[in-house]
Amino acid sequence: MTSAQVDTEKTSGGTSGQTSEEGYERGLGSRQVQMIAIGGAIGVGLFLGAGANIAKAGPSLILMYALAGAIVFFIMRALGELLLYRPVSGSFAEYSREFLGPFFGYFTGWTYWLMWVVTGMAELTAAAIYVHYWFPDVPQWVTALVFLVILFGVNLISVKVFGELEFWFSMVKVTALVGMIVIGLGVLTFGFSSAGDTAAVSNLWAFDGFFPKGVGSSLMTLQGVMFAYLAVELVGVTAGESEDPEKTLPKAINTLPWRIALFYVGALTVILCVVKWTEFAPGVSPFVAAFAKIGIPAGAAIVNFVVLTAALSSCNSGMYSTGRMLRNLADSGEAPAAFKKLSVTKTPAFGITVSVLFMGIGVVLNYIVPDKAFGYVTSVATAAGIWTWLMILISHVLYRRAVVAGRLPASPFPAPGGAVCSWIAIAFLLFVTCLIAYDRDSRVCLYVMAGWAAALAVGWTILKNRTPAAPTGPDPELEKVG
């Protein structure tokens, strides 16, 4: 590829069907990026994980989601400033590489890959649990395998097909959540349905108070709450395939607060007003339980379909992001060169295939330990996600220093408060890490991450010994078609 071609491609982002400088097709339109961003804020962590967290924290879980949501917004504004400074696919690894050094780019890229692989396992597990609602005799591992194969095929076709499928997945989730909120408000206001006699705003404090298990127990749910927010940063991975990243990315990020307020805080508040918190149990979606309590015909089955959609949506996103991250690592000399190649449809097919094979471990877990599979993988995904977020925030702090010193140009989308909000978010994430270490059941994920870090350190040493002058950064000439 000549420099003229590269320059041409860099300016071709506004037209669908054109390619970015990385060889990807800019096939994600504004409506798709917006819905991917919205869908990223609505996942299994809310639909399934909230049940266990309600049992631990009661109504105070609403406050935990609001607190964590504010921190996530700080993270996304930090990422947004970096994305508009230099929009690239695999952005987290690229910024870590630029501002902290090659090793941190290598570590972040592989850790983000791990996060999505284990998240994919969690989503497959959740999807299998939801299907069990209709077909209790079908083994969980069979359902998980079927969904894995279907989504794998979708991701191999083209980014447009991925974007369109994700658009409709997100549309189903958003429409259903809004419908749930409206119905819940109707029950509260007009008292219809079998839940009408007991539905009341006072349910938020009438049963042992707003913090029924104590503030400490509420804080312990933050690790599960943070898992619910994993994937909001996915818009950063889409930067290399968005038609107009300078317009679509800021819009997607700036709508995050109302998405959190409506879909998390709003939905949970309405549900906990309609049904008292003591009636929810771990392993059961609070949304399914609430509609069963309200007694709307087929309501619980409809909600179960929606949460199934949420699980498949997240797994679909995981396959998308892992392939792009592996290609970014290969381009920087930090993964096998085979991951650099794009298929004729401009998708990193080999990277997606390898990632799907690892996600298949989730199918095995569903066969061996179906009751514990979800808990095991979500804790590891949370730890990997916290690392990724920390790297975004630290990169942002260092970028701001470089801008103030005049070494780098200012981004057209600066984060409010500068680096101050990033420092607040860093402190919060370190606090959540301490909570994970304190909890006996979840600290196992830190052992897994320690082993992962050791493996990556060995890999880095081997890599440097084989190619002492590399890796130093991305190769400007990517192979566009394999």
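Fair warning: this is a prediction, and the values are worked out from it, not measured in the lab.

A. The overall build of the protein chain, seen in detail. In terms of helices and strands, the protein chain carries 20 helices and zero strands. Expressed as a percentage of the 482 residues in the protein chain, the buried residues total 58%. Across the protein chain, contacts joining residues at least 24 apart in sequence account for 80% of those joining residues at least 6 apart. Carbon and sulfur atoms provide 69% of the accessible area of the protein chain, an area that totals close to 17,900 Å².

B. Summary view of the packing of helix 11 (residues 222–229) against helix 19 (residues 420–438). Contact geometry of helix 11 with helix 19 gives a least axis separation of 9 Å together with a crossing angle of 125 degrees. Put simply, helix 11 runs oblique to helix 19. Residues Leu222, Gln223 and Met226 of helix 11 touch helix 19, and the partners they reach there are Phe428, Leu429, Phe431, Val432, Leu435 and Ile436. A breakdown of the residues in the contact of helix 11 with helix 19 according to their chemical character gives eight nonpolar, one polar and no charged.

C. A look at helix 19. Between its terminal C-alpha atoms helix 19 stretches 28 Å, which fits the 27 Å expected from 19 residues at 1.5 Å a residue. For helix 19, every residue scored as buried is listed here: Cys421, Ser422, Ala425, Ile426, Phe428, Leu429, Val432, Leu435 and Ile436.

D. Seen up close, the packing of helix 5 (residues 61–85) against helix 11. Between helix 5 and helix 11, the least distance of the axes is 10 Å, while the angle of their chain directions is 55 degrees. Relative to helix 11, helix 5 is oriented oblique. For the pair helix 5 and helix 11, the sense of crossing is right-handed. Judged by residue contacts, Leu61, Met64, Tyr65, Ala68, Gly69 and Val72 of helix 5 engage Leu222, Val225, Met226, Ala228 and Tyr229 from helix 11. Classifying every residue of the contact of helix 5 with helix 11 gives ten nonpolar, one polar and no charged.

E. Examining the pattern of salt bridges more closely. In the structure shown here, the tally under the stated rule is six salt bridges. A salt bridge links arginine 86 to glutamate 94; the nearest nitrogen and oxygen atoms lie 3.5 Å apart. Here arginine 86 falls in the partly exposed class, since its relative accessible area comes to 25%. Across the salt bridge formed by glutamate 98 and arginine 86, the nearest N and O atoms sit 2.9 Å from each other.

F. A nonpolar patch on the surface, seen in detail. Taken together, the side chains of Trp141, Leu145, Val149, Val364, Tyr367 and Ile368 make up a nonpolar region of the molecular surface, amounting to roughly 600 Å² of accessible area. If you list the elements that add at least two residues to the nonpolar patch, you get helix 8 (140–157) and helix 17 (349–368). Note on placement: leucine 145 falls in helix 8.

G. Highlighting helix 11. Counting buried positions over the eight residues of helix 11 gives seven, a clear majority of the element. Residues of helix 11 that are buried include every one of Leu222, Gln223, Val225, Met226, Phe227, Ala228 and Tyr229, and no others. Within two residues after helix 11, alanine 231 carries a phi angle of roughly 100 degrees, on the positive side.

H. The arrangement of the side chain of threonine 388 in detail. Along the chain, the position of threonine 388 falls in helix 18 (residues 373–404). The contact partners of threonine 388, leaving out residues within four places of it in the chain, are Phe92 and Tyr112.

I. Geometry of the packing of aromatic side chains. Counted by the stated rule, this structure contains 20 aromatic pairs. Both rings, one in phenylalanine 107 and one in tryptophan 387, keep their centres 4.8 Å apart while their planes meet at 55 degrees; by these two values the pair is tilted. Of this pair, phenylalanine 107 sits in helix 7 (residues 102–134) while tryptophan 387 sits in helix 18, placing them 280 residues apart in sequence. When the centroid spacing of 5.0 Å and the interplanar angle of 35 degrees are considered together, the rings of phenylalanine 339 and phenylalanine 350 count as tilted. Placement of the pair is phenylalanine 339 in the loop between helix 16 (299–331) and helix 17 and phenylalanine 350 in helix 17, with a sequence separation of eleven residues. You can call phenylalanine 350 partly exposed: its relative accessible area is 42%. An aromatic cluster is built from Phe103, Phe104, Tyr106, Phe107, Trp387 and Trp460, whose rings are joined through pairwise contacts. Here the basic side chain of arginine 77 rests over the ring of phenylalanine 413, its NZ or CZ set 4.1 Å away from the ring centre.

J. Region of interest: the confidence of the model for the protein chain. A residue-level look at the protein chain finds 82% of positions with pLDDT of 70 or above and a mean pLDDT of 80. By mean pLDDT, the top-scoring element of the protein chain is helix 19 (94), and the lowest-scoring one is helix 1 (residues 3–10) (38). Below a pLDDT of 50 lies the segment residues 1–17, which in the model reaches 24 contacts outside its immediate sequence neighbourhood of four places, other chains included. A low-confidence stretch, residues 474–482 (pLDDT under 50), is modelled with 24 contacts involving residues beyond four sequence positions or located in other chains.

K. Just the environment of threonine 388, in detail. Judged by its relative accessible area of 1%, threonine 388 is buried. Separated by 292 residues in sequence, threonine 388 and serine 96 have C-alpha atoms that sit 9.4 Å apart.

L. Representation of the environment of isoleucine 271 in the model. Among the secondary structure elements, isoleucine 271 is positioned in helix 14 (residues 256–274). Those residues in contact with isoleucine 271 that lie beyond four places of it in its chain are Phe280, Pro286, Phe287 and Ala290.

Reading the values: the criteria
Residues numbered from 1 in each chain as written. Predicted model: local features only at pLDDT ≥ 70, side-chain atom pairs only at ≥ 80, totals over all residues. Heavy atoms only, no water. Helix = DSSP H or I, 4+ residues; strand = E, 2+ residues; numbered from the N terminus. Buried < 20%, exposed > 50% of the residue type's maximum accessible area, 1.4 Å probe, protein only. Contact = heavy atoms within 4.5 Å. Areas by Shrake-Rupley, 256 points an atom, 1.4 Å probe, with all protein chains shown as cover. Axes fitted to C-alpha atoms, helices over the stretch in contact; angles between N-to-C directions. Parallel < 35°, antiparallel > 145°, perpendicular 65-115°, else oblique. Nonpolar A, V, L, I, M, F, W, Y, C, P; charged D, E, K, R; others polar. Expected span 1.5 Å × (residues − 1). Left-handed = near helix turned anticlockwise from the far one by under 90°. Salt bridge = Lys/Arg side-chain N within 4 Å of Asp/Glu carboxyl O. Patch = residues over 30% accessible without salt bridge, like charges linked within 9 Å, V, L, I, M, F, W, Y side chains within 5 Å. Phe/Tyr/Trp six-rings, centres within 6.5 Å; stacked < 30°, edge-to-face > 60°. Lys NZ or Arg CZ within 6 Å of the ring centre and 35° of its normal. pLDDT = per-residue confidence, 0-100.

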